[in-house]
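Chain by chain, the residues:
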Amino acid sequence: MRHTIFAAVAAFGAAASPVLAQETDEVTLQLKWVTQAQFAGYYVAQEQGFYEEENLDVTIKPGGPDIAPEQVIAGGGADVIVTWMAAALAARERGVPLVNIAQPFSSGGLQLTCLSETGVETPEDFPGRTLGVWFFGNEYPFYAYMASLGIPTDGSEEGVEVLKQAFNVDPLLQGQADCISTMTYNEYGQILDAGYIEDELVNFNYLEEGVGMLEDGLYVLESDLEDPEFVDKMSRFVRASMKGWKWAEENPEEAAQIVVDNDTSGAQTLDHQVYMMGEVAKLTEGSDGALDPAAYEQTVQTLLSAISEENPAITKEPEGAYTTKVTDQALN
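Each chain carries its own residue numbering, running from 1 in the written order of its sequence. Only residues with pLDDT of at least 70 are given local features in this predicted model, and only at 80 or more are side-chain atom pairs given and counted; all residues enter the totals for whole chains, interfaces and linings. Calculated side-chain values reflect all of the structure's heavy atoms, with hydrogen atoms and water omitted.

**Focus: unusual backbone geometry**
Argument step 1. A positive phi angle is found at N55, which is not glycine, with a value near 60°.
Argument step 2. Counting from the N terminus, the helices are the DSSP runs of H or I reaching at least four residues and the strands are the DSSP runs of E reaching at least two. Topologically, N55 is positioned in the loop between α3 (50-53) and β2 (56-61).

**Some words on helix α2 (residues 40-47)**
Argument step 1. Burial analysis of α2 places six of its eight residues in the buried class, which makes it a mostly covered element.
Argument step 2. Throughout, exposure labels follow a simple rule: accessible area from a 1.4 Å probe, protein chains only, divided by the maximum for the residue type, with under 20% read as buried, over 50% as exposed, and the rest as partly exposed. Within α2 the residues assigned to the buried category are A40, G41, Y42, Y43, V44 and A45.

**Some remarks on the packing of aromatic side chains**
Argument step 1. Ring pairs shown here join Phe, Tyr and Trp side chains whose ring centres sit within 6.5 Å, with only the six-membered ring taken for Trp; geometry is labelled stacked below 30 degrees between planes, edge-to-face above 60, and tilted in between. In total, this model carries 12 aromatic pairs according to the counting rule given.
Argument step 2. Each ring, one from W33 and one from F167, has its centre 4.7 Å from the other, and the planes form 40°; the classification is tilted. With W33 in the loop between β1 (25-30) and α2 and F167 in the loop between β7 (161-164) and α7 (170-173), this pair connects stretches of sequence that are 134 residues apart.
Argument step 3. Residue class for W33 comes out buried when judged on its relative accessible area of 18%.
Argument step 4. Each ring, one from F135 and one from Y143, has its centre 6.4 Å from the other, and the planes form 70°; the classification is edge-to-face. In this pair, the class of F135 matches that of Y143, namely buried.
Argument step 5. Members of the aromatic cluster, connected to one another through ring pairs, are Y42, Y51, F105, F237 and W245.
Argument step 6. When the ring centre of F135 is taken as origin, the NZ or CZ atom of K164, which lies over that ring, is 4.9 Å away. Criterion for a charge above a ring: Arg CZ or Lys NZ at most 6 Å from the ring centre, at most 35 degrees from the ring normal.

**What to know about the side chain of N205**
Argument step 1. Its location among the elements puts N205 in strand β9 (residues 201-205).
Argument step 2. With a relative accessible area of 10%, N205 lands in the buried category.
Argument step 3. Within the structure, the side chain of N205 is placed 2.9 Å from the backbone nitrogen of L207, a separation counted as a polar contact.
Argument step 4. Residue contacts are defined here by distance: any two heavy atoms, one from each residue, within 4.5 Å place the two residues in contact. Excluding anything up to four places from it in sequence, N205 contacts G108, L110, Q111 and T184. Definition of a polar contact: a pair of N or O atoms within 3.5 Å, with one able to donate and the other able to accept a hydrogen when the atoms are protein atoms, and with sequence-neighbouring residues admitted only if both atoms are side-chain atoms.

**With respect to the environment of P318**
Argument step 1. Mapped onto the fold, P318 is located in the loop between α12 (293-304) and α13 (325-331).
Argument step 2. Spatially, the C-alpha atoms of P318 and W84 are 15 Å apart, while their sequence positions differ by 234 residues.
Argument step 3. Not counting chain neighbours up to four residues away, the residues in contact with P318 comprise L89, Y296 and V300.

**Some remarks on the packing of helix α9 (residues 228-250) against helix α10 (residues 252-262)**
Argument step 1. For the pair α9 and α10, interaxial distance at closest approach is 5 Å and the crossing angle is 120°. Overall, the two elements α9 and α10 adopt an arrangement that is oblique. Touching W247, A248, E249 and E250 of α9 are P252, E254, A255 and I258, all from α10.
Argument step 2. Each residue is assigned to one of three groups, with Ala, Val, Leu, Ile, Met, Phe, Trp, Tyr, Cys and Pro labelled nonpolar, Asp, Glu, Lys and Arg labelled charged, and all others, Gly among them, labelled polar. By residue class, the composition of the contact of α9 with α10 is five nonpolar, no polar and three charged. Where helices are involved, their axes are fitted lines through C-alpha atoms of the stretch in contact, as for all axes, and angles between N-to-C directions lie from 0 to 180°. Roughly parallel means an angle under 35 degrees; roughly antiparallel means over 145; roughly perpendicular covers 65 to 115; every other angle is labelled oblique.

**Observations concerning the sheet that holds β2**
Argument step 1. Judged by pairing direction, the sheet is mixed, and its five strands sit side by side in the order β2-β1-β3-β10-β4 without closing on themselves. Each end of this open sheet is capped by a strand with a single partner; those strands are β2 and β4 (98-102). Averaged over neighbouring strand pairs, the angle between their axes works out to 35° when direction is ignored.
Argument step 2. We treat two strands as partners when DSSP finds at least two bridges between them. Inspection of the sheet shows strand β3 (residues 80-83) paired to strand β10 (residues 217-221) by three bridges, in the antiparallel sense. In the strand pairing of β10, I81 is matched with Y219.

**What to know about the state of the cysteines**
Argument step 1. The disulfide criterion used throughout: a pair of cysteine sulfur atoms within 2.5 Å. As enumerated under the stated definition, the model contains one disulfide in all.
Argument step 2. Between the sulfur atoms of C114 and its disulfide partner C179 the distance amounts to 2.1 Å. Taking the sign of the S-S torsion, 100° for the link of C114 and C179, the bridge is right-handed. Of this pair, C114 sits in strand β5 (residues 110-115) while C179 sits in strand β8 (residues 179-183); the two residues are 65 residues apart in sequence, bridging distant segments of the chain. Accessibility assignment for this pair places C114 and C179 in one class, buried.

Printed below as a string of structure tokens:
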């Protein structure tokens, strides 16, 4: 009799396992950049089982200098991406119908960092200088900033020379640029690691200069949102991801270690990731994932104020570029 029961249980298990596997929803997340604490919340959610609790099987794909998340999702390589709103809105206007479904970063960390020894102390000192700028969708805040100051970017005497900056701090350290693009949580720390102290640096934070734009948000394709099952899946994904972000804020060193453990390149060091996590936590602090419409509107208006033939991010007011139905469901 016992053998019969065990056989029946075994048969049930064999029959049930494929059903259970099918019930787990797969999600592919494409990051904006390489594995680092900028994305700690997602790695934490995966490692701590928060995605599993929401019946999700999440694949996290790191980014890099040759990877544009907007192109990846347009080509079917991801369900959801992390990108900056300026890049997402630009892609939307150009035919990739991205929609913001959540905004884990309530604040931004982009800034221009200058060596004080160059004599740059205020924006009035920019003309005649060489400024390092990231491109691939990261240039839009810079051009909006220059437009707000009325400073040409054509290299003229009354304007600035734009140096297409690689994703490192070499132009500043090697004297190729007076100021370069940095993130508060990454490149700024690299400059400090190179031996400079804060008193030797001058920072122009885009938010503080009045041209701040929303940075790391979660975006999906508009057509996918027509499927209630996809919306439900994304709601569970956002809920688990925000749980990961809150855990990371409260446990920065452990979160940094999780990031390092997931870095297959071996390029990241624990010390730098701990620093980065501490700074990133300032940007996610207070966020429950819901997009602030006022912050969205500020981003849009800043972009519209910087329309030019050379560097237009958007040329008209976007429609349908964000939705609250995912976070409404995730938070209720």
